[in-house]
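Listed below are the residues making up each chain.
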Amino acid sequence: MKDIRNIVILTGAGVSAESGIDTFRSEGGLWEQHRVEDVATPEAFMRDPDLVLRFYDMRREAIQTKQPNAAHHALARLDAEWPGDLLIVTQNVDDLHERAGARRVLHMHGEHLLAWCTACDVRSLWVGALLQRPACPACGEKALRPDVVWFGEMPYRMEEIYEALRKADLFVSIGTSGAVYPAAGFVRQARQLGVATLELNLGPSQGTLWFEEARHGPATELVPAWVDQVLAAIGEG
Ligand code: APR
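Just so you know, these numbers come straight off a predicted model, no measurement behind them. (Residues numbered from 1 in each chain as written. Predicted model: local features only at pLDDT ≥ 70, side-chain atom pairs only at ≥ 80, totals over all residues. Heavy atoms only, no water.)

## What to know about the site of the ligand
Line of reasoning, step 1. As a matter of local geometry, the ligand sits amid 22 residues, with Phe24, Arg25, Trp31, Thr176 and Ser177 nearest to it.
Line of reasoning, step 2. Here an oxygen atom of the ligand and a backbone polar atom of phenylalanine 24 are 2.7 Å apart. (Near = heavy atom within 4 Å. Polar contact = N/O pair within 3.5 Å; in protein donor to acceptor, adjacent residues only side chain to side chain.)

## Considering the UniProt feature "binding site: substrate" (unreviewed entry) in the chain
Line of reasoning, step 1. When the UniProt feature table is mapped to this numbering, "binding site: substrate" (unreviewed entry) covers Tyr56 and Arg59.
Line of reasoning, step 2. Mapped onto the secondary structure, tyrosine 56 falls in helix H5 (residues 49-64).
Line of reasoning, step 3. With residues up to four places along the chain from it excluded, the contact list for tyrosine 56 reads Val39, Ala40, Pro146, Val148 and Trp150.
Line of reasoning, step 4. Tracing the chain through its elements places arginine 59 in helix H5.
Line of reasoning, step 5. Dropping the residues within four chain positions of it, arginine 59 is found in contact with Ile21, Asp22, Phe24 and Leu30. (UniProt positions renumbered as here; feature names shortened; annotations may be inferred. Helix = DSSP H or I, 4+ residues; strand = E, 2+ residues; numbered from the N terminus. Contact = heavy atoms within 4.5 Å.)

## Quick word on the sheet that holds strand E3 (residues 105-107)
Line of reasoning, step 1. Read across the sheet, 6 strands follow the order E3-E2-E1-E7-E8-E9 without closing on themselves; strand pairing throughout is parallel. Among the strands making up the open sheet, the edge pair consists of E3 and strand E9 (213-216). Ignoring which end each strand starts from, the neighbouring axes of this sheet average 15° apart.
Line of reasoning, step 2. Of the pairings in the sheet, the one linking strand E8 (residues 196-201) to E9 comprises 4 bridges and is parallel in character. Following the sheet pairing, asparagine 201 is matched in E9 by histidine 216. (Pairing = 2+ DSSP bridges. Axes fitted to C-alpha atoms, helices over the stretch in contact; angles between N-to-C directions.)

## Quick look at the packing of aromatic side chains
Line of reasoning, step 1. Throughout the structure, instances matching the rule amount to 5 aromatic pairs.
Line of reasoning, step 2. For the pair phenylalanine 45 and tryptophan 150, a centre-to-centre distance of 5.3 Å together with 45° between the ring planes defines the contact as tilted. With a gap of 105 residues between them, phenylalanine 45 in helix H4 (residues 42-47) and tryptophan 150 in the loop between strand E6 (144-148) and helix H8 (158-167) connect regions that are remote in the sequence.
Line of reasoning, step 3. Overall, the relative accessible area of 17% leaves phenylalanine 45 in the buried class.
Line of reasoning, step 4. Looking at tryptophan 150, the relative accessible area reads 3%, which means it is buried.
Line of reasoning, step 5. Centre to centre, the rings of tyrosine 56 and tryptophan 150 are 6.2 Å apart; their planes meet at 45°, and the pair counts as tilted. In this pair, tyrosine 56 sits in helix H5 while tryptophan 150 sits in the loop between E6 and H8, placing the two residues 94 residues apart along the sequence. (Phe/Tyr/Trp six-rings, centres within 6.5 Å; stacked < 30°, edge-to-face > 60°. Buried < 20%, exposed > 50% of the residue type's maximum accessible area, 1.4 Å probe, protein only.)

## Concerning the pairing of strand E4 (residues 110-117)
Line of reasoning, step 1. Most of E4 sits inside the fold, with 7 of its 8 residues counted as buried.
Line of reasoning, step 2. Across 4 bridges, the pairing between E4 and E6 is antiparallel. Within E6, the residue paired with tryptophan 116 across the bridge is arginine 145.
Line of reasoning, step 3. If you look at the hairpin formed by E4 and strand E5 (residues 123-125), you'll find 5 residues sitting between the two strands, and aspartate 121 has a positive phi there, around 75°.

Listed below in structure tokens is the structure:
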């Protein structure tokens, strides 16, 4: 760990699982309860906006009752103490990284706290139910949708992510199945760039063979132990 300066961390639903937020593809996960086509595509929103808004209102309510876990707190500590570049790229729309105190967070799939006005394109912090068709705070139109990236839509800030990967010495993937691109491809980009790669996940992800090292177990155990290890290495100069 001695010559690590710049770190990119990718997190997925598994980092929030022990906070009680459903993952997507584990046993009983969200996509077992809802067909993706019904709630997480632009076509679904055109076809049945009430169903989609109800799903996201429910998801937002569930998230707001949850708390960050030891993995979020360990990553926030790393963010605060790490002297080099550090970027937490999360696929999650929850705000548990931020509520644990992390600052250098990039939400590539959007944020559940934000609503996006399809009339004026402004994104605004939002509480309350979108199902009630509230007026956009910026333009007054009743045209708000969740600011969440749906299947078939472009993830956010991809250039920033690739720039961070190009500068990274270490890429760590935490709590993601490696089922959805472009995030699932980051480990290959990292390998091609000569970046060290580490997977911390409950079990082997779909991309596990691309990682130089993989540790399997609950994030609340693996992540604090890894953060202790990497911060201790700073002291070794
Ligand atoms: N600790 C560590 N890893 C865990 C834990 C845990 N306690 N619980 C589950 N996991 C792992 C699972 O083994 C799985 O590999 O987290 C991963 C969760 O995978 P998914 O449910 O597929 O979630 P994710 O990888 O974040 O999905 C990516 O797919 O549906 C889209 O936009 C959605 O952002 C999401 C994207």
